[in-house]
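# Breakdown of the fold
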Amino acid sequence: MNFGEVLTQALPLTFLFASPFLFAALGEVFVQRSGVLNLGVEGMMLMGAFCAIYVVAPHGLNQSPLVGLLAAALVGGLMGLAMAVVSVTLQAEQGISGIGFTLFGTGLSSLLFRLLAGGVISAGDHAFQSIKVPVLSGLPIIGNIFSQQNILVYIAFALVPILTWVLNRTRWGLQIRAVGQNPAAADSMGVNVVAVRYATVIFGGVMAGIAGASLSIAATPIFQENMTAGAGFIAVALVYFGAWSPFRVMLGALLFSVANNLQIWAQILNVQIGGAAINSNLLIMVPYILTIAVLVFARQRKRVEPAALTRPFQRGEN
Amino acid sequence: MKRILLVFLLIALLSVDVVSAQSTPFKVAIVLPSTITDLSWSQSMYEGLQAVQKAMGGESAMEIAYTENMFDVTAAEQAMRDYADEGYNLIIAHGTQYGAQMFSVAADYPSISFAWGTATDVGEAQGLKNVFAYQADAEQGAYVEGVIAAMLTKSGTIGIVAPIPAGDALLYNNGFEQGVIATKPDANILLAYTGGFGMTTEATQIAQTQIAAGADVLTGSSQQVVGAIDAIQTARGYWFGTQYDQSGQWPNTVVVSEAYDWVPSLTDMIKSIQGGTLGGTVYTLTLENKGLTFAYGKVELSDAIKAAADQATADIISGKIVVKQDLAEVTPEPALNSTPETTPEATASS
């Protein structure tokens, strides 16, 4: 296979497997822009993934994928609400409490999986199916991208311009940014800091839940204990990587995903350098090394970091 | 009040005494790298223990304690020490990665038996007499599966969704490749590693990439393969399983699984411990001793395929076919220096 053929096959999977990262990271952009760090994304993804598939699976509640998606969003939102109570109202240390939510979600999703499902469950025909976009799917090389994606992939990428607009052009977006930069000033201007942060953390939870569903009832589509295997943390890293901009977060998710997909191709095609096969362990590391490298070289990061990130707000103290 | 408390305490103490005098169950503890529902490595051993427990007469005769998801080997050592302090009779470290920790605990508790696998080292060098080792000659059953896979593929392209290049996963891959190439020398084998055992999403992505590259038959090991099986089912291809019967969920996709039956090994191990011998034996699952069995799904196989599979099985048992554990011994061409063992001249000179 030549590189063009590989790219034709690799691009659709790149977009498909970038979508869970994108959902989770876009939500986290809003959370962090309001000054809260949510490291519970991983746990919320797992809970979303389990609830979604249990709702749609033939051995579960046997509902349509849309109901599964709503269940995932609801569960993610509830965990977001709990995270908001802990981090905004009770002002607990955000990094630690976020890790706590990840452990909680990992454990609870495993427990529910064992109690309710009893073994590996498949979404079967109730998973989101591929949709072929007319005209676009006929294009050379990139046409493949539009011929085999499920609806959630299109939604994830459509959310990028929408959320950019919300963040930069709406009153709510302005309030979020103000609360993240200088909560005391925002408070004195009459912005309800607590309400804004509750809204963003719950929104982040909803998006993390949907990210889980985009795996369990779309991309994968099965559930296995701890199936996200760190994807939630990669999503948080992508937010830093993308300098808190939805568009750049999308670029980061795509870069990570394409690097990962191409290293898989390098493995299965047994790509050789100087007559020797490349060690698979080195190839597996490529996407991670690339992410770290970009983080190191992205210097403008410090300037745009929300000034109040991880700092709880207490009226009169900040 | 004090007197009443004292009486209660006395009754409590007495009752404990009575219970322990009535029955002393054989206590087994196991440290697992994944979960007891992983459809592979850990589940095969856990269900083996359950079967032995049933055969021995239930929970009153044998107790099973387990700790799952022990990615951290230091934490695994702590778990083993806790079990040793609690007086377990047999402590199983179910993974090659736990070796160093298990040996250090075994040295501190010489009256307790330990077992570990995939391994062959029973600690003789350290002077230990309380360690059993176990392994599966996964390459044997894998070879037979490779024969069937080569006869089933229409595209001639077969994918392997692999965890890491080590342990019985590597033996399995190597055996499978030998079976495929022996049957269909021009077959195209696409191999990719996820870099772990619990990388479900990555394994799914690898499977989908292999399918995009033309594979219509896939195989792979460890608990992460469930998404890969689902992917090949969607593509209407076939899957070959290992470690545990994976056909339950996907009966029309999983052609056959090389299942591990630990029951005979465990039964013998417990008998040996009860007889006073606390270690020293290496248990190996093979086709010959039926530790490796084939669990078929519902895929219709032609008589020619069935005959070829049976022949390969018989030939491995009789020794006519020797499946190599290391691929370097099979295909010397790709290596920079051809392996000396493969040519008679080199063997003679060494």
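Residues numbered from 1 in each chain as written. Chains lettered and ligands numbered in written order. Predicted model: local features only at pLDDT ≥ 70, side-chain atom pairs only at ≥ 80, totals over all residues. Heavy atoms only, no water.

Residues and elements named next belong to chain A. Taken together, the side chains of Leu74, Leu78, Leu81, Val85 and Leu90 define a hydrophobic patch exposed on the protein surface, amounting to about 470 Å² of accessible area. For valine 85, the position within the fold is in helix H3 (residues 65-89). The exposure class of valine 85 is partly exposed, given its relative accessible area of 33%. (Patch = residues over 30% accessible without salt bridge, like charges linked within 9 Å, V, L, I, M, F, W, Y side chains within 5 Å. Areas by Shrake-Rupley, 256 points an atom, 1.4 Å probe, with all protein chains shown as cover. Salt bridge = Lys/Arg side-chain N within 4 Å of Asp/Glu carboxyl O. Helix = DSSP H or I, 4+ residues; strand = E, 2+ residues; numbered from the N terminus. Buried < 20%, exposed > 50% of the residue type's maximum accessible area, 1.4 Å probe, protein only.)

To continue, consider the interface of chain A and chain B. Each partner contributes to the interface: chain A provides 32 residues, whereas chain B provides 34 residues. Each partner contributes to the roughly 2,700 Å² buried at the junction of chain A and chain B, and carbon and sulfur atoms together form 55% of this total. When the buried area of chain A at its contact with chain B is split by residue, Arg114, Val120 and Ile268 of chain A rank highest and sum to 21% of it. A salt bridge links arginine 114 of chain A to glutamate 68 of chain B, with the nearest nitrogen and oxygen atoms 2.5 Å apart. Counting only elements with at least two residues in the side of chain A that touches chain B, the list comes to helix H1 (3-33), helix H4 (94-117), strand S1 (121-122), helix H8 (193-219), helix H10 (246-268) and helix H11 (280-297) of chain A. With 8 residues, the top contributor of residues to the side of chain A that touches chain B is H10 of chain A. (Contact = heavy atoms within 4.5 Å. Buried area = accessible area lost by both parts, 1.4 Å probe.)

This paragraph deals with the confidence of the model for chain B. All names here are of chain B. Mean pLDDT over chain B stands at 88; residues scoring 70 or higher make up 88%. Residue range residues 14-22 is modelled with pLDDT below 50. Its contacts to residues more than four positions away, or to other chains, number 0 contacts. Note on residues 332-350: pLDDT is under 50 here. Beyond four places in sequence and across chains, it has 8 contacts. (pLDDT = per-residue confidence, 0-100.)

With that settled, the discussion passes to the sheet that holds strand S1 (residues 26-31) of chain B. Residues and elements named next belong to chain B. With respect to topology, 6 strands assemble into an open sheet ordered S2-S1-S3-S4-S5-S11, the strand pairing being parallel. Among the strands making up the open sheet, the edge pair consists of strand S2 (62-67) and strand S11 (282-285). Within this sheet the neighbouring strands show an average axis-to-axis angle of 20 degrees, counted without direction. Sheet topology places strand S3 (residues 90-93) next to strand S4 (residues 113-117); 4 bridges connect them, and they run parallel. Along S4, the bridge assignment pairs isoleucine 91 with phenylalanine 114. On top of the sheet, helix H3 (residues 73-85) reaches S1, S2 and S3; it is set at about 170 degrees to S1, its chief contact. (Pairing = 2+ DSSP bridges. Axes fitted to C-alpha atoms, helices over the stretch in contact; angles between N-to-C directions.)

All names here are of chain B. On the secondary structure map, isoleucine 211 appears in helix H7 (residues 200-212). With relative accessibility at 22%, the residue isoleucine 211 sits in the partly exposed group. It is 46 Å that separates the C-alpha atoms of isoleucine 211 and glycine 58, two residues lying 153 residues apart in sequence. If we ignore the near neighbours within four places in the chain, the residues touching isoleucine 211 are Leu218, Ala231, Ile232 and Ala235.

It is worth spelling out the side chain of serine 113 of chain B at this point. Residue and element names in this part refer to chain B. Within the fold, serine 113 resides in strand S4. A relative accessible area of 0% means that serine 113 is categorised as buried. Filtering out sequence-adjacent residues up to four positions away, serine 113 remains in contact with Asn89, Leu90, Ile91, Asn130, Phe132, Ile273 and Leu278.

Another aspect to go through is the nonpolar core. Soluble globular proteins tend to pack their nonpolar side chains together in the buried interior. Core analysis: the biggest nonpolar cluster contains 89 residues, and Leu22, Phe23, Met45, Phe157, Ile217 and Phe223 of chain A have the highest contact counts within it. Leave out the neighbours within four places in its chain, and isoleucine 217 of chain A touches Ala52, Ile53, Val56, Pro65, Gly68, Leu69, Ala123, Ala127 and Phe128 of chain A. (Core = buried A, V, L, I, M, F, W, Y, C linked by side-chain atoms within 4.5 Å.)

Spacing of three or four residues puts side chains on the same side of an α-helix, whose turn is 3.6 residues. Relative to the 24 Å expected for 17 residues at 1.5 Å per residue, helix H6 (residues 167-183) of chain B spans 25 Å between its end C-alpha atoms, a close match to the ideal helical length. By the criterion of burial, H6 of chain B is predominantly enclosed, with 12 of the 17 residues buried. (Expected span 1.5 Å × (residues − 1).)

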